[in-house]
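Structural overview
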Amino acid sequence: MKQQLIQPRVLKGFRDYLPEAMIPREALMQTAREVYRSYGFSPIDTPALEYAEILLGKGGDESDKQVFRFQDQGKRDVAMRFDLTVPFARFTSQHLNDIGTPFKRYHIGTVWRGENPQKGRYREFMQCDFDTIGTAANIADIETLLVIHDLLCAIGFEKFTIRVNNRLVLNGLLEKLDLAEQSVGVLRALDKLQKIGADGVSAELTEKVGLSNDQAQQVLKLVTTEGDTETVMSELSTLLAGNERGELGVHNLHELFRCAARAGIPAERIALDVTIARGLDYYTGTIYETFLGDLPGIGSICSGGRYDNLTGLFSKQALPGVGASLGLDRLLAAMEELKMLPGISTPAPVLVILFDAEKSGEYLRIGRELRAAGISTEVFVDPKGVGKQMKYANRKGFQLAIIAGGDEFAAGNWQVKNLQSGEQQTVPEAELVAHVTSVLSSDGGSAG
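First, a word on scope: everything that follows refers to the structure included in this document.

Thresholds applied
Residues numbered from 1 in each chain as written. Predicted model: local features only at pLDDT ≥ 70, side-chain atom pairs only at ≥ 80, totals over all residues. Heavy atoms only, no water. Patch = residues over 30% accessible without salt bridge, like charges linked within 9 Å, V, L, I, M, F, W, Y side chains within 5 Å. Areas by Shrake-Rupley, 256 points an atom, 1.4 Å probe, with all protein chains shown as cover. Salt bridge = Lys/Arg side-chain N within 4 Å of Asp/Glu carboxyl O. Lys, Arg positive; Asp, Glu negative; His and termini not counted. Charge placed at Lys NZ, Arg CZ, Asp CG, Glu CD. Helix = DSSP H or I, 4+ residues; strand = E, 2+ residues; numbered from the N terminus. Buried < 20%, exposed > 50% of the residue type's maximum accessible area, 1.4 Å probe, protein only. Axes fitted to C-alpha atoms, helices over the stretch in contact; angles between N-to-C directions. Parallel < 35°, antiparallel > 145°, perpendicular 65-115°, else oblique. Left-handed = near helix turned anticlockwise from the far one by under 90°. Contact = heavy atoms within 4.5 Å. Pairing = 2+ DSSP bridges. Phe/Tyr/Trp six-rings, centres within 6.5 Å; stacked < 30°, edge-to-face > 60°. Lys NZ or Arg CZ within 6 Å of the ring centre and 35° of its normal.

Description of a positive patch on the surface
A contiguous patch of positive charge on the surface is contributed by Lys384, Lys388, Lys391 and Arg395. Looking at where Lys391 falls in the secondary structure, it is placed in helix H15 (residues 386-396). What makes Lys391 exposed here is its relative accessible area of 61%.

So, in structure tokens, the structure goes:
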């Protein structure tokens, strides 16, 4: 009986990564690691699966609906992590005696959300988080801004804006208006401001959340205040006068802008945006959203904030924290649209052509010598015609081809062909490594 073939396919909202997508993805992760490490953040990892009670109720009703939850073989109620922050809160509470505080960590890992897939957003995606936990100091919030800025610069962006706000400002106003109990509903409504506009938010605040018309207008006045940073700060100070929580939020924002300027952050790359509410329940202070100047419509590509109460569910010890997450796959979608990706499917810039199968040992030897010098090199493994091997080299995106036949071996030379310019040079073997290094450097290529 003929065997029925299984159709090769992936689930909705999931995807495979071919080399041309995976190479820049890994490069972004490596850039993130380098930036995070430069600030003293240490790597950790946590399981993909957690007890459901660890994850549920931490990100709000909407997040709970998106959690992949099931019963495992041991009849345990388990769920797949929907972000890296909640598992980090559990991790910190569990290992507090080992890590001490303040503790600075970064975590690059896969998360899962059962949301509706759209451009740049999948049900399985990678997050690149960094956090400082165990301190309420505003300098940790300011450093978070600096890390986001340096990360975007290291990736290669020049035009971007980090929009900041502070939950204390909004929470202070709600407290002043006797609306602290309705804060979750208010935040949900405000998070829709860009989608449904001020009138739509006003209707939701009065009809669904239960605010009076006057209360709704006060809240909207706060989040629709316009002008330069100092003008908005002045308006906030007036609105929040007499409320300690709100005044602290304004003070912290003042300090953030002042220190960022002193640290050399260009003014055009940071903006006060009082419309940012961040839908997740656990944010309590400074919040961040980062938008690309050339592609703002793709949404925030690096977001986060302060979450002083998150570990309270796992530990009696107060563990305030602050951090942010780089949306790797959304950023890659943006970079693809902006034509910033290299379009190569090999991590090696150099291909050694197998010109003469009898000399296989020589080709393998020169490949090892180039790798020993830090130059990633592939040696072609099949003795096909040179034309087919060159076609392979061009399709994969190699920068250089190294070629030698009988005449070259007799003279102790190698041919080095630049696959971008078409230029070909004869190089003595003793000078080959230095020559290849020089060409790759001048072409902006990577030796590794």
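Next comes the rest of the write-up.
Concerning the packing of helix H1 (residues 19-38) against helix H13 (residues 328-337)
Packing of H1 against H13 leaves a shortest axis separation of 11 Å and a crossing angle of 120 degrees. Between H1 and H13, the interaxial angle falls into the category oblique. The interaxial crossing formed by H1 with H13 has right-handed handedness. Residues Pro24, Arg25, Leu28 and Met29 of H1 form the contact with H13, whose participating residues are Leu328, Asp329, Leu331, Leu332 and Met335.

Observations regarding the sheet that holds strand E9 (residues 286-292)
The strand order across the open sheet formed by eight strands is E1-E5-E6-E11-E10-E9-E7-E8, and the pairing between neighbours is mixed. Each of the sheet's edge strands pairs with one partner strand only, and the pair in question is strand E1 (42-43) and strand E8 (270-272). Helix-sheet contacts for H1 involve E1, strand E5 (103-112), strand E6 (124-133) and strand E11 (321-327), and the interaxial angle to E6 is about 5 degrees. Contacting E5, E6, strand E7 (160-166), E8, E9, strand E10 (302-306) and E11, helix H6 (residues 138-155) runs over the sheet at an angle of about 15 degrees to E9.

Section: the side chain of Thr135
Along the chain, the position of Thr135 falls in the loop between E6 and H6. Here Thr135 falls in the buried class, since its relative accessible area comes to 18%. Once residues lying within four places of it in the same chain are set aside, the contact partners of Thr135 are Pro102, Ala140, Arg306, Pro320 and Gly321.

Digging into the packing of aromatic side chains
Enumeration according to the criterion identifies eleven aromatic pairs in this entry. Here Phe88 and Phe103 contribute two aromatic rings whose centre-to-centre distance is 6.3 Å and whose plane-to-plane angle is 35 degrees, an arrangement assigned as tilted. You can see Phe88 sitting in helix H4 (residues 85-94) and its partner Phe103 sitting in strand E5, a full 15 residues away along the chain. Its relative accessible area of 11% is what places Phe103 among the buried residues. On the numbers, 5.1 Å between centres and 75 degrees between planes, the contact of Phe380 with Tyr392 is edge-to-face. Here Phe380, found in the loop between strand E13 (377-379) and H15, pairs with Tyr392, found in helix H15; they are twelve residues apart in sequence, far enough to count as distant. The burial state of Phe380 is the same as that of Tyr392; both residues are buried. Ring pairs connect the aromatic residues Tyr36, Phe41, Tyr106 and Phe130, which therefore count as one cluster. Looking at Lys359, its charged tip hangs above the ring of Phe409, at a distance of 5.2 Å from the centre.

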